[in-house]
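Survey of secondary and tertiary structure
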Amino acid sequence: GHIGKKDRHPLTLAEAEDLLASPGFSKLSEDEPGPVQAIYSRLVKQFTLSPVASVLYHRQAFHMPLYPGVRLTFDKGVRASSISTLEAPLTSYHYALEPQQGVIELKYFHTLPRLIVSRFRELSLSQATFSKYAAGIETLFQHITGNHHRGDRVTDDVFASRGAS
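Residues numbered from 1 in each chain as written. Predicted model: local features only at pLDDT ≥ 70, side-chain atom pairs only at ≥ 80, totals over all residues. Heavy atoms only, no water.

What follows is about the overall build of the protein. Helices and strands together make up the secondary structure of the protein, namely 5 helices and 4 strands. Residue burial in the protein is summarised as follows: out of 165 residues, 28% are buried. Pairs at least 24 apart in sequence give 57% of the contacts found in the protein among residues at least 6 apart. Accessible surface computed for the protein: about 11900 Å², of which carbon and sulfur atoms make up 57%. (Helix = DSSP H or I, 4+ residues; strand = E, 2+ residues; numbered from the N terminus. Buried < 20%, exposed > 50% of the residue type's maximum accessible area, 1.4 Å probe, protein only. Contact = heavy atoms within 4.5 Å. Areas by Shrake-Rupley, 256 points an atom, 1.4 Å probe, with all protein chains shown as cover.)

Next comes the structure, spelled out in structure tokens:
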């Protein structure tokens, strides 16, 4: 697998729309680039990247007061669209997972409490790497090629560049 790092930076709706709508880079970043705009600009210029897919899902998140550094999320209805704007119609989305399937994410800062570990073992849940974006890209590729087989999914990181061969 790939080793990656996630950085989180807040964006306004206008900033997100601007980043998604620009073919190269946004006018917004030229005025006063923030951390997201600076990273986006570097990637676009260095690798000729542009958005190729939108991933939509419903998330329920639970924080545990007894364990403040632990968060459990349930993602369902994972779908992907080749329209990479915030206005993509729901009809453009295809299920990346079967509708009855979902993804459980357990996030923690330092150590995972034994109570949670034992409960996951009782439920026969084990750690796995899964990328909703990679599953979405694979689903879109299957729809484009006409191959709708839902066998083993590729879960490694996927990097897409329009115009790349």
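Below, the discussion takes up the side chain of S54. Among the structural elements, S54 can be located in strand β1 (residues 54-64). A relative accessible area of 13% means that S54 is categorised as buried. A polar side-chain atom of S54 sits 2.8 Å from the main-chain carbonyl oxygen of I83. When sequence neighbours within four positions are dropped, the list of residues in contact with S54 reads R79, A80, S81, I83, S84, T85 and Y93. (Polar contact = N/O pair within 3.5 Å; in protein donor to acceptor, adjacent residues only side chain to side chain.)

Turning next to helix α3 (residues 35-47). Relative to the 18 Å expected for 13 residues at 1.5 Å per residue, α3 spans 18 Å between its end C-alpha atoms, a close match to the ideal helical length. Looking one or two places after α3, you find T48, whose phi comes out positive at around 55 degrees. (Expected span 1.5 Å × (residues − 1).)

It is worth spelling out a nonpolar patch on the surface at this point. Together, F62, F74, I104, L123 and L125 give the surface a local cluster of nonpolar side chains, amounting to about 410 Å² of exposed area. Tracing the backbone through its elements, the reader meets L125 in the loop between α4 (114-122) and α5 (132-145). (Patch = residues over 30% accessible without salt bridge, like charges linked within 9 Å, V, L, I, M, F, W, Y side chains within 5 Å. Salt bridge = Lys/Arg side-chain N within 4 Å of Asp/Glu carboxyl O.)

Moving on to the pairing of β1. As paired strands, β1 and strand β2 (residues 67-81) are joined by 10 bridges and run antiparallel to one another. Pairing of F62 across the sheet is with L72, part of β2. With antiparallel pairing between neighbouring strands as the criterion, β1 and β2 make up a hairpin whose turn holds 2 residues. (Pairing = 2+ DSSP bridges.)

Turning our eyes to something else, we now look at the environment of I137. Secondary-structure assignment places I137 in helix α5. With 82 residues separating them along the chain, I137 and V55 place their C-alpha atoms 8.9 Å apart.

Note that side chains of opposite charge can pair when their charged atoms are close. Under the defined criterion, the tally for this structure stands at 6 salt bridges. R59 is the salt-bridge partner of D75, the closest N and O atoms lying 2.7 Å from each other. With D75 in strand β2 and R59 in strand β1, this pair connects stretches of sequence that are 16 residues apart. Between E105 and R59 there is a salt bridge; the shortest N-O distance is 2.9 Å. A residue pair is termed long-range when its members are at least 10 positions apart, and E105 in strand β4 (residues 102-108) and R59 in strand β1 qualify at 46 residues. Since its relative accessible area comes to 34%, R59 is described here as partly exposed.

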